[in-house]
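Structural overview
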Amino acid sequence: MNERVAIIGAGWAGCAAAVEAIDNGFDVTLFEASRIPGGRARKTVIEGMTLDNGQHILLGAYSKTLQMMERVGIDTDAAFLRLPLQMHYPPLSGAMNFETPRLPAPLHLAVGLFKTKGLHWEDKIALARFFTACRHIRWDIGTDRPLIRLLEQFWQTPRLYGLLWRPLCMASMNTIPEKASAQVFLSILKDSLGARRHASDMLLPKMDLSAIFPEKVIDYLTRCGGKIRLGETVRELDHDETGWTLNGDRNQRYDAVIVATSAAGAASLLKDKIDVALLSQFEFEPISTCYLKYPESVRLDRPFYALIDDPDKKEWGQYVFDRGHLMPDQPGLLAVVVSVSSAVDEADKGTLHADIARQLAKAFKRAELEKPLWSRIITEKRATFSCTPGLERPAPITEKNGLFLAGDFLRKDYPATLESAISSGIACAKILSKRQLK
């Protein structure tokens, strides 16, 4: 008989682990506490519209994610709007407009930088110096430090910090540059800007996040004979010489268990089984997405724009997405992302949607944006871990035979991203296969 594997958590890591495991001949049972798979990247329904619990951008460098999607039957060309790397601010803001042309790397970056509007020559020279130095040191700074220290070391200008480095850092790591790991940030740049041109492309989902991967995984596992247990929370794990049992069910035994929850969830579940010190060390940051619905005639010129956030002025948003560009059935719907939304004071949370609407009206010089038909805010309270310098990550293999970990917090060279989750799930299942459990 095929060895039986229980996977706890149908987020993107758990889904990837389940696909890899079942393709390697394991008898897979996937457990998920929610009725909707996807974990922290899933769909939700508001005002009769299928939205996401957070607006995402993927990168062309997310090779494991794109390959896994195609493996379960997703047409990635149809699922994403692929755009060249860009950072456009609202046209009348007087800020930066940067976009790379479709030329071979690194020529695309050089030409894009040369043509950038809104940067002074001193900014462009500083930026060119930064990328030249990073390539020279092969994107490895040795001793890790906060990103702000690295930017100071390479004389990055205040304008570059405000218009490029800070928003890029917060979007990719959900951590402010004063706290973020410089080495992890450089790893992201290496895999995107330091690789082939298409690796730096920005991929905007044209389907809801559940449909774009987790739901396809459920269909795939079902066709392959896997068992799906949605709406079932695993609260207890037991192990003896015959294997693992979940929630005291002695009639169902497993040769191995992959815990693919968040780090905090894994620490809570496994606190009596293994040393959870590394799992318990993580600090977390929230991300808020504000959806604002306007008449269908309201449309932005581009699928998304960067925004200048200024908490002192209660301008919280860093990016705005026009969902009408992506979803034909969502004209007039804008999504504004507030990374590291813990910065929003308790006193301001009640007015956050109104503050964002005013920010949009001011940024685009369009008074109608201040009065949406309705607005809703979705906050993922533990969206990511705070990716700080020298953060030690747990290993996928635990001291308990047959007990493994998968999750976006394991990949030491990356922050909490969908690519981290997918690659971790695949790697965990491959380790499981190589160990050939008895």
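Notes on the structure follow. (Residues numbered from 1 in each chain as written. Predicted model: local features only at pLDDT ≥ 70, side-chain atom pairs only at ≥ 80, totals over all residues. Heavy atoms only, no water.)

Details of the sheet that holds strand β18 (residues 374-385)
Defined as follows: In this analysis, strands are considered paired if DSSP registers two or more bridges between them. To qualify as a helix, a DSSP run of H or I must reach at least 4 residues; to qualify as a strand, a run of E must reach at least 2; elements of each kind are numbered from the N terminus. Axis definition: a line fitted to C-alpha atoms, limited for helices to the stretch in contact. Angles are taken between N-to-C directions and run from 0 to 180 degrees. Throughout, a residue-residue contact means that at least one pair of heavy atoms, one from each residue, lies within 4.5 Å.
Strand order in the open sheet made by the 5 strands is β15-β16-β17-β14-β18, with antiparallel pairing throughout. Strands at the two margins of the open sheet, each flanked by one partner only, are β15 (304-306) and β18. Strand-to-strand twist across the sheet, computed as the mean angle between neighbouring axes with direction ignored, equals 20°. When β15 meets strand β16 (residues 319-322), the two strands line up antiparallel, connected through 3 bridges. When the sheet's bridge partners are listed, A306 is paired in β16 with Y319. Those strands touched by helix α15 (residues 352-364) are β14 (284-293), β15, β16, β17 (333-338) and β18, and its axis lies near 65° from that of β14.

Topic: the packing of aromatic side chains
Basically, it comes down to this: Aromatic rings from Phe, Tyr and Trp, with only the six-membered ring used for Trp, were paired whenever their centres fell within 6.5 Å, and each pair was classed as stacked if the ring planes differed by under 30 degrees, edge-to-face if by over 60, and tilted otherwise. Here the term buried applies to any residue with accessible area under 20% of the maximum for its type, exposed to any over 50%, and partly exposed to those in between, with areas from a 1.4 Å probe on protein chains only.
Tallied over the full model, the rule gives 13 aromatic pairs. A ring pair is formed by F130 and W165, whose centres lie 4.7 Å apart and whose planes are at 50°; its orientation type is tilted. Here F130, found in helix α5 (residues 121-136), pairs with W165, found in helix α7 (residues 158-173); they are 35 residues apart in sequence, far enough to count as distant. Neither residue differs from the other here; F130 and W165 are each classed as buried. Measuring from centroid to centroid gives 5.3 Å for F282 and F385, while their planes differ by 55°, and the two rings are tilted.

Comments concerning the side chain of S192
Stated precisely, the cut-off is as follows: Two N or O atoms count as a polar contact when they lie within 3.5 Å, although within protein this holds only if one can serve as hydrogen donor and the other as acceptor, and sequence-adjacent residues are included solely when both atoms are side-chain atoms.
In this fold, S192 is placed in helix α8 (residues 182-192). Polar contacts involving the side chain of S192 include one to the main-chain carbonyl oxygen of I188, which spans 2.7 Å.

Some points on the sheet that holds strand β5 (residues 58-59)
The strand order across the open sheet built from 3 strands is β5-β9-β6, with neighbouring strands paired in antiparallel fashion. Two strands in the sheet have a free side with no partner beyond their single neighbour: β5 and β6 (80-83).

Section: the nonpolar core
Under the convention used in this document: For the purposes of this section, nonpolar cores are sets of buried Ala, Val, Leu, Ile, Met, Phe, Trp, Tyr and Cys residues that join through side-chain atoms within 4.5 Å.
One finds F130, W165, F213, L237, I258 and V259 to be the most contacted residues of the largest nonpolar core, which totals 129 residues. The element contributing the most residues to this core is helix α1 (residues 12-23), with 9 residues. With near-sequence residues (within four places) excluded, L237 lies in contact with I8, W244, T245, L246, V257, V259, L269, L270, K273 and L403. L300, V338, L352 and A361 belong to the second largest nonpolar core, which has 21 residues in total.

Some details on unusual backbone geometry
Of note, the amide linkage connecting A105 to P106 takes the cis form, showing an omega dihedral of 0°. When you line up the elements, P106 lands in the loop between β8 (97-99) and α4 (107-115). Phi at W139 is positive, roughly 60°, even though this residue is not glycine. Following the sequence through the fold, W139 ends up in the loop between α5 and α6 (147-153). Assessed through its relative accessible area of 8%, W139 is described here as buried. Phi at N247 takes a positive value of approximately 55°, unusual for a residue other than glycine. Summarising the element assignment, N247 is placed in the loop between β12 (243-246) and β13 (256-259).

With respect to the pattern of salt bridges
Threshold: For this analysis, a salt bridge means a side-chain nitrogen from Lys or Arg found within 4 Å of a carboxyl oxygen belonging to Asp or Glu.
A complete count under the given rule lists 24 salt bridges for this structure. A salt bridge links R42 to E380; its shortest N-O distance comes to 3.7 Å. With R42 in the loop between β2 (27-32) and β3 (43-46) and E380 in strand β18, the pair connects residues that are 338 residues apart, well separated along the chain. Judged by its relative accessible area of 24%, R42 is partly exposed. For E99, the salt bridge goes to R302, with nearest N and O atoms at 3.6 Å. Taken together, the residues E99 in strand β8 and R302 in the loop between β14 and β15 connect sequence positions 203 residues apart. In this structure E99 comes out as partly exposed when scored by relative accessible area, which is 31%. Salt bridges sharing common partners tie together R82, R102, R197 and D201.

Some remarks on the side chain of S181
Mapped onto the secondary structure, S181 falls in the loop between α7 and α8. Its relative accessible area of 0% is what places S181 among the buried residues. Only 3.4 Å separates the side chain of S181 from the backbone nitrogen of Q183, close enough to count as a polar contact. Not counting residues within four places of it along the chain, the set of residues in contact with S181 comprises D144, R145, M173, C387, T388 and P389.

Side note on the packing of α7 against α8
Under the convention used in this document: Note on terminology: angles under 35 degrees are roughly parallel, angles over 145 are roughly antiparallel, angles of 65 to 115 are roughly perpendicular, and the others are oblique. Note on residue categories: nonpolar means Ala, Val, Leu, Ile, Met, Phe, Trp, Tyr, Cys or Pro, charged means Asp, Glu, Lys or Arg, and polar means any other residue, Gly included.
For the pair α7 and α8, the least separation of the axes is 11 Å and the interaxial angle reads 90°. Between α7 and α8, the angle falls in the class roughly perpendicular. Residues W165, L168, C169, S172 and M173 of α7 lie in contact with α8, whose contacting residues are V184, F185, I188 and L189. Classifying every residue of the contact of α7 with α8 by side-chain character gives 8 nonpolar, 1 polar and no charged.

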